[in-house]
Structure formats: C-alpha cells, structure tokens
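Chain residues, written in single-letter form:
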Amino acid sequence: MRSVHASVVALVVAIAFACDRSPTAVPTPALQASRSNPSPAPSSSGKHSGLVVCSQTYDSVTQVIGPKGGAFAVGPHYLFVDSLALSDTVRITAVAPADTVRWVRFQPDGLVFQPTVDGWSALLYTNYKDCGVPTSDTLRIAQVTDGLSILGYLQTYVKSKKNPWSQGQQYVAGLLQHFSNYAVAW
C-alpha cells in the first residue's frame, strides 16, 4: 500500500486551482448529463468525444478517512477529502483496474460528501501525462457505469504545459459530490 503526504499533494492541487480553471468546467450541480459516444474517435465537429484511451496497471488501496479529511493515491489517481466533508469515519476502497482506459472505482458506492466552507468537499486528481494526449486538448472527468458508459461530467479543472511537445504536467481534477466510477474523458 502506497501513501501520499497529504499536505504536499494538497498544496499542489491548491496551486492548480488558483491558476487554471478549464473553460469547459460545468457549473454546479457538479454533474451534468451527457450523451457522449464512449469511443475516443473524433466527433462530427472534429473534436474527440468519449473516454480517453490510456492504459493503467492494477492498483487498489483501502484507507480510513474521517471528519479531519485525508488523501491517498491509487495508481495515477489521487483522492482528497476536505475536513468536515465526512461526518463520521469511513473505510474507503479505491480500485484502478488494469485497463486501456484511465479510470477508478470508489467504494462505498454512493458515499455523499457534505459541502465545506471552501466550496469543495472531495477532489479526484488524475495524471494523464503518459497518455499521448496533445496539450491543446481539454480533458474532463466523467462519471461512468461499470461498463464504462458516460453518465455525465464533473466540474473539472485541467492543467497542462502549453508546449505541445512536452507532456510533463498533464492532469485533470474534478470535484466529487459522491462516490462512483470515474474516468478521464474528452
């Protein structure tokens, strides 16, 4: 089991939120219904739609998080839970399945986070620097079914280096209202 120093990772996320907000961010409520095609092929407008093809190896982590909040990593994904987002201690399991899509499954399914003073209760951060996605593309985090069909999109923030040949800093972060399955999408 791998642990992440919560304060360092939280600082990175705080800086990212202070600097870049995606122009495609969905207003609250954080999840907006979508009928995207779950393939990464270009749509009729020439832009991609659906889930990003990007392999990941299997990883699984179980962590206990309570009212003080916490953070942990599972594969290329990081979960941050703000203080007071949970009213009680919860045993959280995150699974990043070995797949050709970058996605994560959180349990207990449907766990709802309480609104916090700073406006976010829980945050999912996913690195996609090794996915071969041009830095000019804007990615999002989608809520998906077990069969990887897109249900909707989270309010999303994106950070990437503006140099199209450098993929050193590419990540997407989404505000979680509840636990489910989430994947990186176009």
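Small disclaimer: the values here were computed from a predicted structure and weren't measured.

Rules and cut-offs
- Residues numbered from 1 in each chain as written.
- Predicted model: local features only at pLDDT ≥ 70, side-chain atom pairs only at ≥ 80, totals over all residues.
- Heavy atoms only, no water.
- Core = buried A, V, L, I, M, F, W, Y, C linked by side-chain atoms within 4.5 Å.
- Buried < 20%, exposed > 50% of the residue type's maximum accessible area, 1.4 Å probe, protein only.
- Helix = DSSP H or I, 4+ residues; strand = E, 2+ residues; numbered from the N terminus.
- Contact = heavy atoms within 4.5 Å.
- Pairing = 2+ DSSP bridges.
- pLDDT = per-residue confidence, 0-100.
- Disulfide = S-S within 2.5 Å.
- Phe/Tyr/Trp six-rings, centres within 6.5 Å; stacked < 30°, edge-to-face > 60°.
- Lys NZ or Arg CZ within 6 Å of the ring centre and 35° of its normal.
- Salt bridge = Lys/Arg side-chain N within 4 Å of Asp/Glu carboxyl O.

Trainee: Even after reading the chapter, I still don't get the nonpolar core, so can you show me in this structure?
Mentor: Most often, soluble globular proteins have nonpolar side chains that are buried together. Leu-79, Val-81, Phe-106, Phe-113, Leu-176, Phe-179 and Tyr-182 are the most contacted members of the largest nonpolar core, which totals 32 residues. Looking at this core, the elements with two or more residues in it are strand 3 (59-65), strand 4 (70-74), strand 5 (77-81), strand 6 (90-96), strand 8 (103-107), strand 9 (122-127), strand 13 (170-176) and strand 14 (181-185). Considering every element that reaches this core, the biggest residue donor is strand 6, with four residues. The residues contacting Leu-79, other than those within four sequence positions of it, are Gly-70, Ala-71, Phe-72, Ile-92, Phe-106, Leu-123, Leu-176 and Phe-179.

Trainee: Explain the pairing of strand 8 here, please?
Mentor: On a regular strand, each side chain points to the face opposite its neighbour's, so the side chains alternate between the two faces of the sheet. Bridging between strand 6 and strand 8 involves three bridges; their strand directions are antiparallel. In the strand pairing of strand 8, Thr-93 is matched with Gln-107. As paired elements, strand 8 and strand 14 share three bridges and run antiparallel to each other. Counted as the bridge partner of Val-104 is Tyr-182 from strand 14.

Trainee: When you look at the confidence of the model for the protein chain in this model, what are you seeing that I'm missing?
Mentor: The predicted structure's coordinates, where accompanied by low pLDDT, should not be read in detail. For the protein chain, per-residue confidence averages 75 on the pLDDT scale, and residues scoring 70 or more make up 67% of the total. Counting interchain partners and residues more than four positions distant, the pLDDT-below-50 stretch residues 1-48 has 86 contacts. With pLDDT under 50 throughout, residues 162-167 is counted as low confidence; its partners more than four residues away or in other chains account for eight contacts.

Trainee: Is there a simple way to explain the state of the cysteines in this structure?
Mentor: Simply put, the disulfide is a covalent bond whose two ends are the sulfur atoms of two cysteines. Evaluation of the coordinates by the stated rule reveals one disulfide. With its sulfur 1.8 Å from that of its partner, Cys-54 forms a disulfide with Cys-131. Judged by the torsion about the S-S bond (-70 degrees), the Cys-54/Cys-131 disulfide is left-handed. Taken as a pair, Cys-54 in strand 2 (residues 53-56) and Cys-131 in the loop between strand 9 and strand 10 (140-144) lie far apart in primary sequence, 77 residues in all. By relative accessible area, Cys-131 is classed as buried at 13%.

Trainee: Is there a simple way to think about the packing of aromatic side chains in this case?
Mentor: The relation between two aromatic rings is expressed through the spacing of the ring centres and the mutual angle of the planes. The tally for this structure, following the rule as stated, stands at five aromatic pairs. Plain terms: the ring middles of Phe-106 and Phe-179 are 4.8 Å apart, the flat faces sit at 15 degrees to each other, and that makes the pair stacked. One end of the pair, Phe-106, is in strand 8; the other, Phe-179, is in the loop between strand 13 and strand 14, and 73 residues separate them in sequence. Grouping residues by exposure puts Phe-106 and Phe-179 together as buried. Ring geometry for Phe-106 versus Tyr-182: centroids 6.5 Å apart, planes at 50 degrees, classification tilted. Note that Phe-106 is positioned in strand 8 and Tyr-182 in strand 14, a separation of 76 residues in sequence. What makes Phe-106 buried here is its relative accessible area of 1%. Put simply, the rings of Phe-106, Phe-113, Phe-179 and Tyr-182 touch in pairs and so form one group of aromatic residues. The cationic tip of Arg-140 hangs over the ring face of Tyr-153; the distance from NZ or CZ to the ring centre is 3.5 Å.

Trainee: Help me understand the pattern of salt bridges, please; the structure alone is not making it clear to me.
Mentor: Think of it this way: side chains of opposite charge can pair up when their charged atoms draw near. Within the structure shown, the criterion is met by one salt bridge. Where Asp-130 meets Arg-102, a salt bridge forms, and the shortest distance between an N and an O atom there is 2.9 Å. Residue Asp-130 is found in the loop between strand 9 and strand 10, and its partner Arg-102 is found in the loop between strand 7 (99-101) and strand 8; the two are separated by 28 residues along the sequence. Under the relative-accessibility criterion, Arg-102 is labelled buried at 4%.

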